[in-house]
Amino acid sequence: MNKLLIRGATILTMEGPDAIIDTGEILIEDGWITHVGLPGSASGSFDMDEVIEADGQVAMPGFINCHTHAAMTLLRGYADDLPLMKWLSEKIWPFEGRMTGEDIYWGTMLACLEMIKSGTTCFGDMYDHMHDVARAVENTGMRAMLSRGMIGVLPTGEKALADAEELAKNWNGKADGRITVMLGPHAPYTCPPEYLDKVMNLAAKFKLGINIHVAETLAEVEEIKKQYGKTPVQHLDSLGLFKFPVLAAHCVHLDEQDMEILAQKAMGIAYNPQSNMKLASGIAPVARLLELGATVGIGTDGTASNNNLDMLEELRTGSYLQKVSTMNPEVIPAYRALQMATIDGALCMGLGDRVGLIKEGMRADIILIDTTEPHMCPRHNLVANIAYAANASDVRTVIIDGKVVMLDRVVLTIDEERVMYEVRERAERLAGK
Ligand SMILES: [Zn+2]
């Protein structure tokens, strides 16, 4: 049995706003959190394989990015400040059309490197060549929910379904259980009802959830209303999609009935504030969704529309955007924002029984954040300091599934220089330089 002890840290368990242990210790055995408590309380703490001294640091659950397209790091800064359809059709899609599985592997490696260095331990992905994405997840030690993006209106729609089935067969539950699989029909406007039927058949056959973009832009809502006489959410509901566990990304343009459907029937909603702001898509009505009882996690979306994978930045923007759009400073307070970026993100991806909290019986996905820098001083409120003042670079150490993947800012599972070299070379080729 492998035993790892973290001691000296202030523990923000995320089991409640006051569930904070000052100078506590966390015992991890074979990847499981087996004890959380005061110093010296871990039984048998004398025969550890590894001890991390974490004085001056906060231990909290790793961030969970519940919506991204990791390999899009290759496109970071390639096309910005354009309208969505022009951005997609003239820049993003042609570039993506040139990408190989190897390109996607290295793009995902860079994303994992960036995520680990900013405290993200788990992410939800939708892309192509998912076997290569899965290899990157396996090699970096990250946790991920993977879905093959499927566009029913393209000639490749049938192949995408076959790929999704392969992904489920080959990777669901693999990498020591760190990889889970969902199905990824891209959106209601790219996947007609007959295609979504096939997706639902596959979901039933393999007991999989469904990860889909919904109501991202006004143009989408108008298009779906014109075609089917319903909003995107009500259209999907009438097709029976919500009989499955659904993670709905964006959900920017909703009416009250849409919000009730999502609150009652969706497994979760991925809120992507920065991407929605940058593409001028709009502001998701998250404060209202939360009032109705919806489960909302936070996603960065891909780095072509963000342009980074920094969850601290994202949760802060997500909170502030709700405050200013509702003219109410009380919505999404600091603790709520951290919840959305941890346990609620886990619930959105069907992982709430294993990660998102520092609690006995959970897998150990834990980050240590330095609190000794000037911008973290004084400590009137630890939760506010983390949600509103911390930087990605304050994350010192990252543990995923009980394994130390970054120790004191050194990533142990990835050759950083090699990854950045590969991505620079490949990005140049793909851009046609
Ligand atoms: Zn997306």
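Note that the structure is a prediction, hence the values are computed from the model and not measured.

How should the pattern of salt bridges be read in this particular structure?
Where side chains of opposite charge bring their charged atoms close, a pairing between them can arise. On inspection of all chains with the given rule, the structure shows 28 salt bridges. Between Asp163 and Lys159 there is a salt bridge whose closest N-O contact spans 2.9 Å. Here Lys159 and Asp163 lie together in helix α4 (residues 157–171), a separation of four residues that amounts to about one turn. Note that Lys205 is salt-bridged to Glu165, the shortest N-O span being 3.6 Å.

Help me understand the packing of helix α7 (residues 232–239) against helix α8 (residues 256–265) in this model?
Relative orientation and spacing of two packed helices are given, respectively, by the angle between their axes and the distance between those axes. For the pair α7 and α8, the least separation of the axes is 8 Å and the interaxial angle reads 50°. By the angle class used here, α7 and α8 are oblique. Crossing of α7 against α8: the hand is left-handed. Residues Val233, Gln234 and Asp237 of α7 form the contact with α8, whose own contacting residues are Gln257, Asp258, Ile261, Leu262 and Lys265. Per-class residue counts for the contact of α7 with α8 are three nonpolar, two polar and three charged.

Any chance you could explain helix α15 (residues 416–430) here in plain terms?
Residue pairs three or four apart in sequence face the same way in an α-helix, which turns once every 3.6 residues. Between the first and last C-alpha of α15 there are 21 Å, a value that for 15 residues agrees with the 21 Å anticipated at 1.5 Å per step. Along α15, the residues classified as buried are Val419, Glu422, Val423, Arg426, Ala427 and Leu430. Looking down the long axis of α15, one finds its buried residues gathered within 125° of arc, a one-sided arrangement. Summarising the geometry of α15, the exposed residues directed more than 90 degrees from the buried face are Glu417 and Arg424. Looking at the buried side of α15, the elements it contacts are α1 (84–97) and α2 (101–117).

Even after reading the chapter, I still don't get the UniProt feature "binding site: substrate" (unreviewed entry) in the protein chain, so can you show me in this structure?
Taken from the UniProt record, the annotation "binding site: substrate" (unreviewed entry) applies to Glu96, Arg148, His186, Glu216 and Asp301. Mapped onto the elements of the fold, Glu96 is located in helix α1. Glu96 has contacts with Met72, Leu75 and Tyr127, leaving out every residue within four places of it along the chain. By the secondary structure assignment, His186 is in the loop between β10 (184–185) and α5 (193–206). You can call His186 buried: its relative accessible area is 17%.

Calculation rules
Residues numbered from 1 in each chain as written. Predicted model: local features only at pLDDT ≥ 70, side-chain atom pairs only at ≥ 80, totals over all residues. Heavy atoms only, no water. Salt bridge = Lys/Arg side-chain N within 4 Å of Asp/Glu carboxyl O. Helix = DSSP H or I, 4+ residues; strand = E, 2+ residues; numbered from the N terminus. Axes fitted to C-alpha atoms, helices over the stretch in contact; angles between N-to-C directions. Parallel < 35°, antiparallel > 145°, perpendicular 65-115°, else oblique. Left-handed = near helix turned anticlockwise from the far one by under 90°. Contact = heavy atoms within 4.5 Å. Nonpolar A, V, L, I, M, F, W, Y, C, P; charged D, E, K, R; others polar. Expected span 1.5 Å × (residues − 1). Buried < 20%, exposed > 50% of the residue type's maximum accessible area, 1.4 Å probe, protein only. Arc of directions from axis to C-beta. UniProt positions renumbered as here; feature names shortened; annotations may be inferred.

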